[in-house]
Amino acid sequence: MSAGWIITIIILVVIIAIIAALYFLGKKAQKKQAEQQTMMEENKQTISMLIIDKKRMKIKESGLPQMVIDQTPKLMRGSKLPIVKAKIGPQILSLVSDEKIFDNIPVKKEVKAVVSGIYILDVKGLHGKSQPVPQKKKSWFKRTLETAQEKAGAKPVK
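Summarised in this report is the structure supplied together with it. Computed from a predicted model, the values in this text were never measured in an experiment. (Residues numbered from 1 in each chain as written. Predicted model: local features only at pLDDT ≥ 70, side-chain atom pairs only at ≥ 80, totals over all residues. Heavy atoms only, no water.)

The helix and strand inventory of the protein stands at 3 helices and 5 strands. Along the protein, helices and strands appear, N-terminal first, in the series α-β-α-β-β-β-β-α. Counting contacts in the protein only where the partners sit at least 6 residues apart, residues at least 24 apart contribute 52% of the total. By element, 62% of the accessible surface of the protein is carried by carbon and sulfur atoms, the whole surface being about 12500 Å². (Helix = DSSP H or I, 4+ residues; strand = E, 2+ residues; numbered from the N terminus. Contact = heavy atoms within 4.5 Å. Areas by Shrake-Rupley, 256 points an atom, 1.4 Å probe, with all protein chains shown as cover.)

Pasting the structure below:
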């Protein structure tokens, strides 16, 4: 065999080994995530709270307990999390929200939230009128295009 075939075979073996390793690591991570999800479902409870503020913040600036900050992986410490400041009874706490429901949480309203530890899983029982999610501001180009179409009498494109 020539040197070209030997190099090709070595590269194929390395690629197959990498794919196999990623497959097993993915299965392990998926199993771990399923265990964490069942743990959160077991420990959830419904609490009435007044939402004071909500922001996406880095974990060090969030006001979460130091023990929580220490337990987060080093790679996650730089990323921004959806943090909600809420008054639960006499205490004001910083809680981490689920990314899916973060936009639906009203500010300065009393809600009933499903909480597991410091993690907000769901928000229900909104009191008062919920504010609609603000829409994105249109770009200069889209505004100009719409005004030109209105002047021409054409239907605006969305």
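That was the structure; now back to the text.
Moving on, we get to the pattern of salt bridges. One pass over the structure, following the stated rule, counts 4 salt bridges. Between lysine 44 and glutamate 41 there is a salt bridge; the shortest N-O distance is 3.0 Å. On the basis of relative accessibility, which here comes to 42%, the residue lysine 44 falls in the partly exposed class. Of the charged contacts in the structure, one is a salt bridge between arginine 56 and glutamate 99, with a shortest N-O distance of 2.6 Å. Remark: glutamate 99 occurs in the loop between strand S3 (91–97) and strand S4 (110–116) and arginine 56 occurs in strand S1 (residues 45–58); sequence separation between them is 43 residues. Among the ionic contacts, a cluster of salt bridges with common partners joins Arg56, Glu99 and Asp103. (Salt bridge = Lys/Arg side-chain N within 4 Å of Asp/Glu carboxyl O. Buried < 20%, exposed > 50% of the residue type's maximum accessible area, 1.4 Å probe, protein only.)

This paragraph deals with the nonpolar core. Ranked by size, the top nonpolar core spans 14 residues in total, and within it Met49, Ile51, Val84, Leu95, Ile105, Ile120 and Val123 carry the most contacts. Going through the elements one at a time, S1, strand S2 (80–88), S4 and strand S5 (119–124) are the ones with two or more residues in this core. Within the second largest apolar cluster, 7 residues are counted, among which are Leu64, Ile69, Leu81 and Ile83. (Core = buried A, V, L, I, M, F, W, Y, C linked by side-chain atoms within 4.5 Å.)

Once that is clear, we can look at unusual backbone geometry. For lysine 108, which is not glycine, the phi torsion reads 60° and is therefore positive. By relative accessible area, lysine 108 is classed as exposed at 66%.

Another point: the packing of aromatic side chains. A full pass over the atoms with the stated rule returns 1 aromatic pair. Aromatic pair tyrosine 23 and phenylalanine 24: ring centres 5.3 Å apart, planes at 75°, arrangement edge-to-face. Taking the relative accessible area as the measure of exposure, phenylalanine 24 reaches 56% and is therefore exposed. Its end group placed over the ring of phenylalanine 102, lysine 54 keeps NZ or CZ at 5.0 Å from the ring centre. (Phe/Tyr/Trp six-rings, centres within 6.5 Å; stacked < 30°, edge-to-face > 60°. Lys NZ or Arg CZ within 6 Å of the ring centre and 35° of its normal.)

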